[in-house]
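# Commentary on secondary and tertiary structure
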Amino acid sequence: MYDPVQLRTFLTVAQTLSFTQAAGRLGVRQSTVSQHVRRLEEATGRPLFLRDTHSVELTEAGEALLGFARTILEAHERAAAYFTGTRLRGRLRFGASEDFVLTRLPEILEGFRHEHPEVDLELSVELSGTLHERLDAGRLDLVLAKRRGPGDERGRLVWRDRMVWIGADGLRVDPDRPVPLIVFPPPGITRARALEVLERDGRGWRIACTSGSLSGLVAAARAGLGVMAHTRGLIPPGLVRVAGLPDLGSVEFALLRGGRSSPEAEALASAILSGADRLTRPA
């Protein structure tokens, strides 16, 4: 009833919220993406996306299909690996952005370890800017991190979202005083974006807290020390959006491979792309 190829297309559109970006990631035409989604909608008897010329959003039926699609694809991939007798071995150095510390990325990595027990997986959790530097220096094989900004098209797009200002419930930012910021240290990409938009808007700012740990930033924000720029789909519990500050724009997370391509890196990349919707869900 549900074609795995069509399900993979559906997941990719759900992750990128763009038929154009999904087509680019899958290496097919946009018309093919639309056709796959249309056939799935015919099979389910429900609309899966609300879309117009400006945006794409999942419907309630689309949200329900996410989990089923992922389960079907994971079973399909396990069966394919079993009957082809694929056994991956070797060392894989993987870097993940701090943004995913509180998500279900560990579940994806656990599944990968279960499927490929002979791969020595080394995980590094760092700021996106640091991960880019380590990848360029040849010290990582695969990285899941924010793209550096507009015009950066390196890697395979995993997920796109808006960035928003967040803080403790009830926090109000006085328009006549410098904005108290809770930020990662340099070379944090989110930090650079926050400072850039405030300066472009002519707003004064001051650093209220700096931490290289997302947990540290969240603790400071929950204590009401200030506001932090954060991905809309990853807002930690206990924090809410804060109004009255300039728009932060969008953010893209991508998978980037180093100079040394390997079957191990490709297998982990496929696992992350297949389960990317779990990256927006708290652990």
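Going by the structure above, here's the rest.
If you're wondering where the values come from, they're calculated on a predicted model, not measured in any experiment. (Residues numbered from 1 in each chain as written. Predicted model: local features only at pLDDT ≥ 70, side-chain atom pairs only at ≥ 80, totals over all residues. Heavy atoms only, no water.)

This brings us to the overall build of the chain. Helices and strands together make up the secondary structure of the chain, namely nine helices and 11 strands. In terms of C-alpha radius of gyration, the chain reaches 20 Å, essentially the compact-globule figure of 19 Å for 283 residues. Its C-alpha atoms put the chain at 65 × 45 × 30 Å along the principal axes. Classification of the 283 residues of the chain by burial places 49% in the buried group. (Helix = DSSP H or I, 4+ residues; strand = E, 2+ residues; numbered from the N terminus. Rg over C-alpha atoms; globule rule 2.2 N^0.38 Å. Buried < 20%, exposed > 50% of the residue type's maximum accessible area, 1.4 Å probe, protein only.)

Before going further, it helps to spend a moment on a nonpolar patch on the surface. Taken together, the side chains of Val101, Leu102, Leu123 and Val125 present a nonpolar region at the surface, about 290 Å² in accessible area. Residue placement: Val101 occurs in the loop between β3 (90-97) and α5 (105-115). (Patch = residues over 30% accessible without salt bridge, like charges linked within 9 Å, V, L, I, M, F, W, Y side chains within 5 Å. Areas by Shrake-Rupley, 256 points an atom, 1.4 Å probe, with all protein chains shown as cover. Salt bridge = Lys/Arg side-chain N within 4 Å of Asp/Glu carboxyl O.)

This part is about the packing of aromatic side chains. Counted according to the given criterion, the structure contains four aromatic pairs. Ring geometry for Phe10 and Phe49: centres 5.5 Å apart, planes at 50°, overall tilted. Taken together, the residues Phe10 in helix α1 (residues 4-16) and Phe49 in strand β1 (residues 49-51) connect sequence positions 39 residues apart. Exposure class is identical for Phe10 and Phe49. Each is buried. (Phe/Tyr/Trp six-rings, centres within 6.5 Å; stacked < 30°, edge-to-face > 60°.)

Here the residue pair Pro186 and Pro187 is connected by a cis peptide bond, since its omega of 5° sits within 30 degrees of zero. The phi dihedral of Leu17 is positive, around 50°, even though this residue is not glycine.

With that settled, consider the pairing of strand β8 (residues 205-210). Bridge analysis of strand β7 (residues 179-183) against β8 gives five bridges, and the strand direction is parallel. Bridge pairing in β8 places Val179 opposite Trp205. Running through helix α7 (residues 189-200), the crossover from β7 to the neighbouring parallel element β8 is right-handed. (Pairing = 2+ DSSP bridges. Right-handed = clockwise from strand over helix to strand, strands pointing away.)

In terms of burial, helix α6 (residues 128-136) is largely enclosed, as seven of its nine residues are buried. Those residues of α6 that are buried are in contact with β3, β4 (119-126), β5 (142-146), α7 and β11 (250-257). Following α6 by one or two positions, Gly138 has its phi on the positive side, about 80°. (Contact = heavy atoms within 4.5 Å.)

Turning our eyes to something else, we now look at α5. Where α5 is concerned, the buried positions are Leu105, Ile108, Leu109 and Phe112. Summarising the axial view, the buried residues of α5 lie within an arc of 95°, below the 170-degree limit, and thus occupy one face. In α5, the exposed positions angled more than 90 degrees off the buried face are occupied by Glu110 and His114. Buried-residue contacts for α5 involve β3, β4, β5 and α9 (263-274). (Arc of directions from axis to C-beta.)

As a further point, take the packing of helix α2 (residues 19-26) against helix α3 (residues 30-44). Two elements in contact, α2 and α3, have axes separated by 8 Å at closest approach and are oriented at 105°. Between α2 and α3, the angle is such that the two are roughly perpendicular. The segment α2 lies against α3, with Phe19, Thr20, Ala22 and Ala23 engaging Gln30, Val33, Ser34 and Val37. (Axes fitted to C-alpha atoms, helices over the stretch in contact; angles between N-to-C directions. Parallel < 35°, antiparallel > 145°, perpendicular 65-115°, else oblique.)

Looking at where Phe19 falls in the secondary structure, it is placed in helix α2. Relative accessible area serves as the criterion here: at 7%, Phe19 is assigned to the buried category. Sequence separation between Phe19 and Arg257 is 238 residues, and the spatial gap between their C-alpha atoms is 24 Å. Contact partners of Phe19, with chain neighbours within four places excluded, come to Val13, Gln30, Val33, Ser34, Val37, Phe49, Arg51 and Val56.

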